[in-house]
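One letter stands for each residue in the lines below.
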Amino acid sequence: MTGRAARRPLPVPDPLRADLHTHTDFSSDGHDSLGAVVAAATDAGLRTLVLTDHVRVDTTYLPGYVEAVRAARATAPLELVCGVEAKILDTEGRIDLPANLTGIEHVALADHRFPLPDGPAHPDAVRALLDGGRLTPDEALRLLVLATARAVERVPEGLTAHVAHLFSVLPKTGLDEGGVDAALLEPLARACRERDAAVELNEKWRCPSVRTARLLHRAGVRLGAGSDAHRARAVGRFPWVAGALADATAEERRTP
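About the cut-offs
Residues numbered from 1 in each chain as written. Predicted model: local features only at pLDDT ≥ 70, side-chain atom pairs only at ≥ 80, totals over all residues. Heavy atoms only, no water. Helix = DSSP H or I, 4+ residues; strand = E, 2+ residues; numbered from the N terminus. Rg over C-alpha atoms; globule rule 2.2 N^0.38 Å. Buried < 20%, exposed > 50% of the residue type's maximum accessible area, 1.4 Å probe, protein only. Contact = heavy atoms within 4.5 Å. Areas by Shrake-Rupley, 256 points an atom, 1.4 Å probe, with all protein chains shown as cover. Lys, Arg positive; Asp, Glu negative; His and termini not counted. Charge placed at Lys NZ, Arg CZ, Asp CG, Glu CD. Expected span 1.5 Å × (residues − 1). Salt bridge = Lys/Arg side-chain N within 4 Å of Asp/Glu carboxyl O. Phe/Tyr/Trp six-rings, centres within 6.5 Å; stacked < 30°, edge-to-face > 60°. Lys NZ or Arg CZ within 6 Å of the ring centre and 35° of its normal. Core = buried A, V, L, I, M, F, W, Y, C linked by side-chain atoms within 4.5 Å. Axes fitted to C-alpha atoms, helices over the stretch in contact; angles between N-to-C directions. Parallel < 35°, antiparallel > 145°, perpendicular 65-115°, else oblique. Polar contact = N/O pair within 3.5 Å; in protein donor to acceptor, adjacent residues only side chain to side chain. Pairing = 2+ DSSP bridges. Right-handed = clockwise from strand over helix to strand, strands pointing away.

Caption draft 1: Region of interest: the overall build of the protein. When its secondary structure is counted, the protein shows nine helices and nine strands. In summary, the protein has a C-alpha radius of gyration of 17 Å against a globular reference of 18 Å for 256 residues, a match within 12%. The dimensions of the protein, computed from C-alpha atoms along their principal axes, are 55 × 50 × 30 Å. Taking all 256 residues of the protein together, the buried fraction comes to 54%. Sequence separation of at least 24 residues holds for 76% of the intrachain contacts in the protein that already meet a minimum separation of 6. For the protein, the accessible surface area stands at approximately 11000 Å², while carbon and sulfur atoms represent 50% of it. Taking the average location of the 31 positive side-chain charges in the protein and that of its 35 negative ones, the two points are 2 Å from each other.

Caption draft 2: Molecular detail of the environment of Thr-91. Mapped onto the elements, Thr-91 comes out in the loop between β3 (79–87) and β4 (106–110). Here the alpha-carbon distance between Thr-91 and Val-66, two residues 25 residues apart in the chain, equals 30 Å. Those residues in contact with Thr-91 that sit more than four places away from it in its chain are Pro-115, Leu-116, Pro-117, Leu-143, Leu-146, Ala-147 and Arg-150.

Caption draft 3: Region of the structure containing helix α4 (residues 137–154). For α4, with 18 residues, the first-to-last C-alpha span of 26 Å sits near the 26 Å given by 1.5 Å per residue. Residues of α4 that are buried: Ala-140, Leu-141, Leu-143, Leu-144, Val-145, Ala-147, Thr-148, Ala-149, Ala-151 and Val-152. In this fold, the buried residues of α4 make contact with β4, β5 (114–116), α3 (123–131), β7 (160–163), α5 (170–173) and α6 (182–195).

Caption draft 4: View of the pattern of salt bridges. Under the definition given, this model contains eight salt bridges. Notably, a salt bridge pairs Asp-96 with Lys-87, separated by 2.6 Å at the nearest N-O pair. Taken individually, Asp-96 and Lys-87 each receive the classification buried, so the pair is uniform in this respect. The residue Arg-150 makes a salt bridge to Glu-92 at a minimum N-O spacing of 3.3 Å. Placement of the pair is Arg-150 in helix α4 and Glu-92 in the loop between β3 and β4, with a sequence separation of 58 residues. When its relative accessible area of 27% is taken as the criterion, Arg-150 is described as partly exposed. For Glu-92, a relative accessible area of 43% translates into the label partly exposed. Look at the salt bridges and you will find they share partners, linking Glu-186, Arg-190 and Arg-193 into a network.

Caption draft 5: Examining the packing of aromatic side chains more closely. All chains considered together, the criterion is met by three aromatic pairs. Ring geometry for Phe-26 against Tyr-61: centres 6.2 Å apart, planes inclined by 35 degrees, an arrangement best described as tilted. Residue Phe-26 is found in the loop between β1 (18–22) and α1 (34–43), and its partner Tyr-61 is found in the loop between β2 (48–54) and α2 (62–73); the two are separated by 35 residues along the sequence. What makes Phe-26 partly exposed here is its relative accessible area of 29%. Tyr-61 gets classed as buried once you look at its relative accessible area, which sits at 18%. Ring centres of Tyr-61 and Tyr-65 lie 5.7 Å apart, and the angle between their planes is 85 degrees; this geometry places the pair in the edge-to-face category. These aromatic residues form a ring-pair network of at least three members: Phe-26, Tyr-61 and Tyr-65. For Lys-172, the ring lying beneath its charged end belongs to Trp-205, and the centroid distance is 4.8 Å.

Caption draft 6: Summary view of the nonpolar core. In this structure, Leu-49 and Tyr-65 are the most contacted members of the largest nonpolar core, which totals 77 residues. Setting aside chain neighbours within four positions, we find Leu-49 in contact with Asp-19, Thr-22, Val-37, Val-38, Ala-41, Leu-78, Glu-79, Leu-80, Val-81 and Val-235.

Caption draft 7: Examining the packing of α4 against α6 more closely. Running from amino to carboxyl end, α4 crosses α6 at an angle of 10 degrees, the nearest separation of the two axes being 8 Å. If you check the angle between α4 and α6, you find them roughly parallel. On α6, the residues touching Leu-141, Arg-142, Val-145, Thr-148, Ala-149, Val-152 and Glu-153 of α4 are Leu-184, Leu-185, Pro-187, Leu-188, Ala-191, Cys-192 and Arg-195.

Caption draft 8: Structural detail: the side chain of Thr-59. Structurally, the position occupied by Thr-59 is in the loop between β2 and α2. Reaching out from Thr-59, the side chain makes a polar contact with the backbone nitrogen of Arg-56 at a distance of 2.7 Å. Ignoring any residue separated from it by four or fewer positions in sequence, one finds Thr-59 in contact with His-54 and Pro-98.

Caption draft 9: Structural view of the pairing of strand β9 (residues 223–226). The alternating pattern of β9 places Leu-223 and Ala-225 on one face and Gly-224 and Gly-226 on the opposite face, and all of these are buried. Bridge count between strand β8 (residues 198–202) and β9: four bridges; the pairing is parallel. Opposite Val-199, over in β9, you have Leu-223 as the bridge partner. Viewed along the sheet, the connection from β8 through helix α7 (residues 210–218) into β9 turns out right-handed.

Shown next, in the form of C-alpha cells:
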C-alpha cells in the first residue's frame, strides 16, 4: 500500500465551501444515511463533500459504499469525493487500510492512537511512558510529526489525501502543542507540499491550534475545513474553523 500519491490536489478553491471530513452510517460511527449527509451538505452551501467513513485493514463494506457514492453522484448538486478515514499505525507511517481500495479516491489520515515505533499506543500508555520518564514530551512530539509525515508519503498511488484532526491525540496524553515549532513541523510540511496533501482544521476537536495552522500555512501547506460530522446536521458547519482559518492566513490577506 505504499507509493507516491497523485499530484492532483483536492478541488478546494474555497476551503469553507468544502467539507473534508464527514461520516455516514456505512461505518459504525456515523448516524445518518448517505442521502441525509448529501442533503445536509447541499443545505450548508457546500460545493465539495468528502466522505470519509472509518476503515481498518479488515473492513469489508467498501464495495457497497463505493457503489452508493457513485449512485448519489447522479443527482447530487455538488461534487462528491469517495474517501475513507484511517489511522496512522506507527512511526514508519503505516496506515490501517484494507488491501482492496477499488473506487476509493481519498484518504483522511488520523491520529486515533499515538503512533510509536512498535505500533499504535493508547493515550494512557503514552501518558505512562511520559510520567515514567521513558519518553520525553519533545520526543513524543517528534515521533508524532514523523509518523504523520511518513503516512502522507505512504498514501497509495492515485489517491488524494489530507491530514485529519492533526494533534487531536495530544490532550489525551497530557501533552499540548506548546512545543511545536516550524522546525519540528518541516518533515510534515515537506511531505504535504510534495504530495499536494492538505491539513484539516477540525471543527469537532478544534485542532490543530491556530498557531500550528499558521506555521503550516507559512510553510506552504494548504489548509482545509473538516466538520468531522458524525450526524448530518453538523456537515459543513464551521463556526470555529472559519475564525481559525482566517487567523491562520491573516498575513496572506494583508499582503498587497
